Amino acid sequence: MRKKIQFLMSDTGGGHRAAAEAIRQALEERYDADVSLIDVFKDYSPFPWKYMPEFYPWLVKHSKSSWGAGYKLLDSPRTAKTAARGLYMTMETRLKQMFEENPADCYVSVHSVITRPSLSALQSLPQRPPFVVVVTDLVTTPMFWYDRRADRTLVPTQIALDRGMEAQLEKSQMRVVGLPVHPNFIKAIPEKTEARQSLGWDEALPTLTIVGGGDGMGPIFKTARALNDLKMKCQIAVIAGRNKALKEQLEHAQWNQPTHIYGFVKDMPRLMAASDILVTKAGPGTICEACIVGLPMIIYDYIPGQEDGNVEFVVHNKAGAYCPTPVQVADTAADWLADSGKRLRELARAARRIAMPNAVWDIADEIWAQAQQPLVVNEKRNLIKEFQTEIEEFARDYYDALRPSMRRLQVRSRRLTGRSRARARARGRK
Ligand code: UDP
């Protein structure tokens, strides 16, 4: 029987939409599924959240260190829960309206921040459809992803599952499936020469492609210029994504080698198939796509916190290198291109070893199974008990948070007392 499946996502970066589109494709190919996507921030959130998709790249660019500090602050189940509750208070009315206007047999969240508030809104109804969470961060997954109320939480790695257990989820509520990548990265991958021909690129030249996620983040221009300065025998493709200013800047520059400039591309599988090296930000979606294609990666940047672990994932598995400056990127690329492809072949093999091509199908199967389930009857809320538990948890957390400082204070005051006693004894002896 046809089932309606509603994805909850937002265009903060390109990864959430890409994950939802990938699963949509798999669901529609395999089942009689009617799938749609909602940008929860843009379409069902009040000011200022509704501008999140536009604001997100600016925020990460201009306050990268604060972003990292924010991640650390919210990297505990309790602080994440408290922050999500604050967010829910501002979004409650609109979220309830969203569920009323978009009935479904199953809701799927592919966005960490949206997960908890959405479940809170659904929990306020007498009954609700099953709710699946598909975690689209790879390793250092934000705690916002994990909510015990979700019926199924599908994670990409064992570390992501361990973090779920830290957040008090039962192991049986979760499953390690991998990160969803669009089926076209497997099925519609052309041969390299054919891909270059169809893109109008030189068929014979070694090719580097630079991409900074859906929003064209990080020092892409400087990195492209550092590669350009080496005057290598190669061609470069630069994907600016939704970053229009970057695209314009790239288009106005002079280049020493054939250089192809794009805005947001819709055919990433073809561009990856045509490339020899991918120079990229540590976006989880892009990394997993490159692994399936067997494309060596040079990571030039990462978003602190949520993408920390992705760098380690690539480097530790020998699928690429981390080069934090444009000059290092250029030198590494020159090195890899210099030895007649041996190094590139090794890196490509390593990338394929960590690819997760079945993830999208396993996720589609899990969602379809949940869509067959009856409505979940919500327990009647006992507000007094909830309040009591909240106060207890709050007190426990703050006690835990303050304990290290209290200990330091105790040690310091003991030392001071010891010193003043010693001084008094010394004075007495005199
Ligand atoms: N992407 C795309 N066209 C572009 C740039 C990026 O389709 O012009 C896709 C890319 O293939 C990937 C996603 O956008 O699927 C980016 O996700 P990732 O997790 O790498 O980074 P984010 O943008 O979410 O930070």
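Placed above this text is the structure.
Treat the numbers as computed from the prediction; the structure is a model and nothing was measured. (Residues numbered from 1 in each chain as written. Predicted model: local features only at pLDDT ≥ 70, side-chain atom pairs only at ≥ 80, totals over all residues.)

J.: Explain the environment of Ser45 residue by residue, including any values.
T.: By the secondary structure assignment, Ser45 is in the loop between helix H2 (40-44) and helix H3 (52-62). Residue Ser45 is classed as buried on the basis of its 22 C-beta neighbours within 10 Å. As for Ser45 and Met91, which are separated by 46 residues in sequence, their C-alpha atoms are 5.8 Å apart. (Helix = DSSP H or I, 4+ residues; strand = E, 2+ residues; numbered from the N terminus. Buried ≥ 20, exposed ≤ 12 C-beta atoms within 10 Å, placed from the backbone.)

J.: Tell me about the packing of helix H10 (residues 220-229) against helix H11 (residues 244-251), and please be specific about residues and values.
T.: The relative placement of two packed helices is expressed as an angle between their axes plus a distance between the axes. Between H10 and H11, whose axes approach to 10 Å, the crossing angle comes to 25°. Classified by the angle their axes make, H10 and H11 are roughly parallel. In the crossing of H10 with H11, the sense of the turn from one axis to the other is right-handed. Residues Ile220, Phe221 and Ala224 of H10 pack against Leu246, Gln249 and Leu250 of H11. Along the lines of polarity and charge, the residues of the contact of H10 with H11 split into five nonpolar, one polar and no charged. (Axes fitted to C-alpha atoms, helices over the stretch in contact; angles between N-to-C directions. Parallel < 35°, antiparallel > 145°, perpendicular 65-115°, else oblique. Left-handed = near helix turned anticlockwise from the far one by under 90°. Contact = placed C-beta atoms within 7 Å. Nonpolar A, V, L, I, M, F, W, Y, C, P; charged D, E, K, R; others polar.)

J.: Provide a residue-level description of the sheet that holds strand S13 (residues 320-322), including the pertinent values.
T.: Pairing is parallel in the open sheet, where six strands are placed in the order S10-S9-S8-S11-S12-S13. Edge positions in the open sheet fall to strand S10 (259-262) and S13, since each of these has one partner strand only. Averaged over all neighbouring strand pairs, the angle between strand axes comes to 15°, with direction disregarded. Sheet contacts for helix H14 (residues 308-316): strand S12 (297-301) and S13; angle to S13, the most-contacted strand, approximately 135°. The sheet contacts of helix H15 (residues 326-338) involve strand S8 (207-211), strand S11 (277-281), S12 and S13, and relative to S12 the element is tilted by about 175°. (Pairing = 2+ DSSP bridges.)

J.: Hey, could you go over the nonpolar core for me, with residue numbers and the actual values?
T.: Counting residues in each nonpolar core, the largest one holds 116 residues, and the members touching the most others are Ile23, Val108, Val134, Ile298 and Ile367. Per-element accounting of this core gives the leading share, seven residues, to helix H1 (residues 15-30). When residues of this core are assigned to domains, at least three fall in each of domain 1 (3-179 + 359-379) and domain 2 (184-353). Those residues in contact with Ile23, other than ones at most four positions away along the chain, are Val134, Pro180, Val360, Ile363, Ala364 and Ile367. (Core = buried A, V, L, I, M, F, W, Y, C linked by C-beta atoms within 7 Å. Domains from an automatic or database assignment.)

J.: Outline the environment of Thr332, supporting the account with residue identities and numerical values.
T.: Position of Thr332 relative to the elements: it lies in helix H15. Using a count of 20 C-beta atoms within 10 Å as the deciding quantity, one classes Thr332 as buried. With 130 residues separating them along the chain, Thr332 and Asp202 place their C-alpha atoms 22 Å apart. Once residues lying within four places of it in the same chain are set aside, the contact partners of Thr332 are Ile298, Ala321 and Cys323.

J.: So, the environment of Glu248: which residues are in play, and what are the values?
T.: The topology assignment puts Glu248 in helix H11. With 12 C-beta atoms counted inside 10 Å, the residue Glu248 sits in the exposed group. Between the alpha carbons of Glu248 and Ile189 there is a distance of 29 Å; along the sequence they are 59 residues apart.

J.: Give a detailed account of the site of the ligand, specifying residues and quantitative values.
T.: Around the ligand sit 18 residues in total, of which Gly13, Gly14, Gly15, Gly213 and Gly283 are the nearest. Of all the secondary structure elements, the ones that give two or more residues to the shell around the ligand are H1 and helix H13 (284-293). Per element, the largest residue contribution to the shell around the ligand is four residues, and it comes from H13. Looking at the shell around the ligand, you find at least three residues from each of domain 1 (3-179 + 359-379) and domain 2 (184-353). (Near = placed C-beta within 6 Å.)

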